[in-house]
Amino acid sequence: MDGAEPEEGSNQEVDVTTTRSILESFTESQEVRELIGNLRGAFGDLVTREMATEKFIGIMDKYQEQPHLLDRHLEWMMNSLLDIARDKGSPPLLVHLAFKFLYIITKVRGYKRFLPLFPHEVPDLQPVLYMLGEQNPKDSETWETRYMLLLWLSMICLIPFDLARFDGNLISEEGQTCMPTMDHILQIAKCYLVVSDKARDAAAVLVSKFIVRLDVKQKRMADFLDWTLAMLSKSSFQTMEGTVVMNGMLQALAQLFKHGKREDCLPYAATVLECLDNCKLSESNQMVLRKLGMKLVQRLGLTFVKPKVAKWRYQRGCRSLAANLQAQGSVVQNQVVTAAANEDDDEEEYDIPGEIENVVEQLLVGLKDKDTIVRWSAAKGIGRITGRLPKELADDVIGSLLDCFR
C-alpha cells in the first residue's frame, strides 16, 4: 500500500499537467460575455466589483501559456468594453473598470496582437484626446485606463490625413488660442514618458507611431529628439526620479529608431549615440536601464549600416532538388564555385561609418553583463549588425567575440 501511494500522487500530477496542456478553445466565452454584460450593474458595489475583476483575472490567467486561443474572441471582447467606455452616460468608475478589463486581456495576449483591433477612424480622435485630458497622471488607481487610452491613440495616429485638418479655427469663442492637434498629442506623449507606471511604456509606443508620420517628422521630429536628449543629459540613474525619466526617454528612442525609416533617423543617429555614451549606462545598477541601453545601441547600429543582407552568409549552389539528385557531383561542385565567384563580383562596396566600431564595442561589453536579459539583447544586436557588414569586418567582429572566451 505504501508503495502505491507515490504512484497515485504521480498520476495526479500527470493529470494536472495534462489538463493544463489540452486547452483547445476559449471555453469560458459565454461566461465572459455575461461578466462584461453585468459590469454596468456591478461597478457600484466595491465587493461585487472586486469579485467580478478577480473572476475575470482567473479566467484569463488560464490562457497564459496558450494565449492564441483568445484570438477569435479578442474583437468582440474589445468592442463590448469600448462600448461601455465610449458611452457618455457611463460614470468614471465604470469607464475605469472597462479599461481595466481591457488591460487584463492585453497582459495575457500582448499589446502587439491587441493593437490593430482598436477602432481607428477619424471620429475616434477627439473623444480619445478628451478622455486622456480628463485623466490624472498621478492617480495610482486608474493607470490601466491611461495605458489603454495611449495605446488606442497610437493606432488612431495612423489615420492618413494631415493633422492640421482637425484644427479648424484655433481661436475659441472666449478668444483664447487652442493648441493644434499635433502639439496636443505630442504634449500628451511627453507627459506620460516621465511617469513611473505602465503608461510610460504605452507613451513610447505612441511616440514610435506618431513621430514617424510624414507631417509630424517634418515639423516636430528634430525638436522631439532634442527634448529627449536634453532630458537624458540632465537625468541621473543614481536617483529614483532620474531613473524613471531615463527609462521613458530610452524606451521612446529605441521604439523610434526601430519603427522610423532609416533615411529619417540617420541624420540624428550619431548625436544620439554620443549622448548615450555620456550617460554611462553600463555603470548603472538598474538592469532595465542597461537593457534599454543595449536595445538603443543595437537600433542605432542598424541605422548606421544599410539594410542589406551580406552575401557572404550564403553559398547557394544549385537550387533545384531534381537537378541536385540527377547531376554528377563534379557538376554540382562547379556550379557552387561559379555562384560563389559571381556573388563576390556582385558584392557592392560601401563605406561603413566609424560609429559602428563604437556600437560593436558597447555590445561586446553588454555580453559580459551580469543579467541574462542584457546579455541576450547585446547578443541579438551583434548578430543583426554583423549580418549586414562586409566579410572582412564581420571576421573582425567574430574574432573579438571569440576573444571573450579567453
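Residues numbered from 1 in each chain as written. Predicted model: local features only at pLDDT ≥ 70, side-chain atom pairs only at ≥ 80, totals over all residues. Heavy atoms only, no water.

A.B. asks: Please set out the packing of aromatic side chains residue by residue, giving values where relevant.
C.D. replies: Applying the stated criterion to the full structure yields seven aromatic pairs. Between tyrosine 103 and tyrosine 147, the ring centres sit 5.5 Å apart and the planes meet at 90 degrees, which makes this aromatic pair edge-to-face. Of this pair, tyrosine 103 sits in helix 6 (residues 92–109) while tyrosine 147 sits in helix 9 (residues 143–156), and the two are 44 residues apart along the sequence. Relative accessible area serves as the criterion here: at 13%, tyrosine 103 is assigned to the buried category. With a centroid separation of 5.8 Å and 35 degrees between ring planes, the pair formed by phenylalanine 224 and tryptophan 227 is classed as tilted. Within this pair, phenylalanine 224 and its partner tryptophan 227 are both found in helix 13 (residues 221–233), separated by three residues, close to a single helical turn. Among the aromatic residues, ring-to-ring pairing joins Tyr103, Trp143 and Tyr147 into one connected group. Against the face of tryptophan 76 rests arginine 33, its NZ or CZ located 3.9 Å from the ring centre. Note that lysine 380 overlies the ring of tryptophan 376, its terminal NZ or CZ placed 5.5 Å from the centroid. (Phe/Tyr/Trp six-rings, centres within 6.5 Å; stacked < 30°, edge-to-face > 60°. Helix = DSSP H or I, 4+ residues; strand = E, 2+ residues; numbered from the N terminus. Buried < 20%, exposed > 50% of the residue type's maximum accessible area, 1.4 Å probe, protein only. Lys NZ or Arg CZ within 6 Å of the ring centre and 35° of its normal.)

A.B. asks: Lay out a nonpolar patch on the surface in plain terms, naming residues and giving numbers.
C.D. replies: A cluster of nonpolar side chains, Met287, Val288 and Ile373, forms an exposed patch at the surface whose accessible area comes to about 200 Å². In this fold, isoleucine 373 is placed in helix 20 (residues 372–386). Accessibility expressed as a relative area gives 36% for isoleucine 373, which makes it partly exposed. (Patch = residues over 30% accessible without salt bridge, like charges linked within 9 Å, V, L, I, M, F, W, Y side chains within 5 Å. Areas by Shrake-Rupley, 256 points an atom, 1.4 Å probe, with all protein chains shown as cover. Salt bridge = Lys/Arg side-chain N within 4 Å of Asp/Glu carboxyl O.)

A.B. asks: Give me the pattern of salt bridges: which residues, what numbers.
C.D. replies: Where side chains of opposite charge bring their charged atoms close, a pairing between them can arise. Inspection of the entire model under this criterion finds 13 salt bridges. In this structure, the salt-bridge partner of lysine 217 is aspartate 264, at a minimum N-O distance of 2.7 Å. On the criterion of sequence distance, the pair formed by lysine 217 in helix 12 (residues 214–219) and aspartate 264 in helix 15 (residues 262–279) is long-range, its members being 47 residues apart. For the pair formed by lysine 217 and aspartate 264, the shared burial category is buried. Salt bridges sharing common partners tie together Asp71, Arg109 and Arg113.

A.B. asks: Pulling in residues and values, what's your account of the nonpolar core?
C.D. replies: In terms of nonpolar packing, the biggest core is built from 113 residues, with Met60, Phe99, Phe118 and Phe210 touching the most fellow members. Not counting residues within four places of it along the chain, the set of residues in contact with phenylalanine 99 comprises Leu82, Ala85, Met131, Glu144, Thr145, Met148, Leu149 and Trp152. (Core = buried A, V, L, I, M, F, W, Y, C linked by side-chain atoms within 4.5 Å. Contact = heavy atoms within 4.5 Å.)

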